[in-house]
Amino acid sequence: MSIVKAKKTELIKAYKSSDKDNGGSAAAQVAVLTERINNLTEHMKASPKDQHSKRGLLTLVNRRKKLLAYIKKHSVADYESLIKKLGLRK
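Residues numbered from 1 in each chain as written. Predicted model: local features only at pLDDT ≥ 70, side-chain atom pairs only at ≥ 80, totals over all residues. Heavy atoms only, no water.

Where like charges cluster on the molecular surface, the positive patch consists of K5, K8, R36 and R63. Here R36 is to be found in helix 2 (residues 26-46). Exposure remark for R36: the relative accessible area of 32% places this residue in the partly exposed category. (Patch = residues over 30% accessible without salt bridge, like charges linked within 9 Å, V, L, I, M, F, W, Y side chains within 5 Å. Areas by Shrake-Rupley, 256 points an atom, 1.4 Å probe, with all protein chains shown as cover. Salt bridge = Lys/Arg side-chain N within 4 Å of Asp/Glu carboxyl O. Lys, Arg positive; Asp, Glu negative; His and termini not counted. Charge placed at Lys NZ, Arg CZ, Asp CG, Glu CD. Helix = DSSP H or I, 4+ residues; strand = E, 2+ residues; numbered from the N terminus. Buried < 20%, exposed > 50% of the residue type's maximum accessible area, 1.4 Å probe, protein only.)

Moving on: helix 1 (residues 5-15). Listed as buried for helix 1 are L11, I12 and Y15. One side of helix 1 holds all its buried residues, which, seen down the axis, span an arc of 100 degrees. Pointing more than 90 degrees away from the buried face of helix 1 are the exposed residues A6, K13 and A14. Against helix 2 and helix 4 (76-86) lie the buried residues of helix 1. (Arc of directions from axis to C-beta. Contact = heavy atoms within 4.5 Å.)

What follows concerns the nonpolar core. With 22 residues, the main nonpolar core has Y15, V30, L68, I71, L82 and L86 as its most contacted residues. Within the residue set of this core, elements represented by two or more residues are helix 1, helix 2, helix 3 (51-74) and helix 4. Ranked by the residues each element gives to this core, the list is headed by helix 2, at 8 residues. If we skip the residues at most four places from it in the chain, I71 touches A26, A27, V30, D78, Y79 and L82. (Core = buried A, V, L, I, M, F, W, Y, C linked by side-chain atoms within 4.5 Å.)

This is the structure we're talking about:
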């Protein structure tokens, strides 16, 4: 359900905004959240009655939604390129 540290650092390196960025930029956070959401979605398919994981999944989705709204507010071009890279539909 959670992601491996190596995968997380790989995602941060791919989506960081500057050389000093350690994963705090909104784009890097969205990439990590997307990976966690995908993993948790697979878990929910296997065990649909797991209400605690369902609540956690909804929390992650809402957090990602807020971060995407922040990115869109500041730069529409960055928003569009990010959702295209991550394969999100909007």
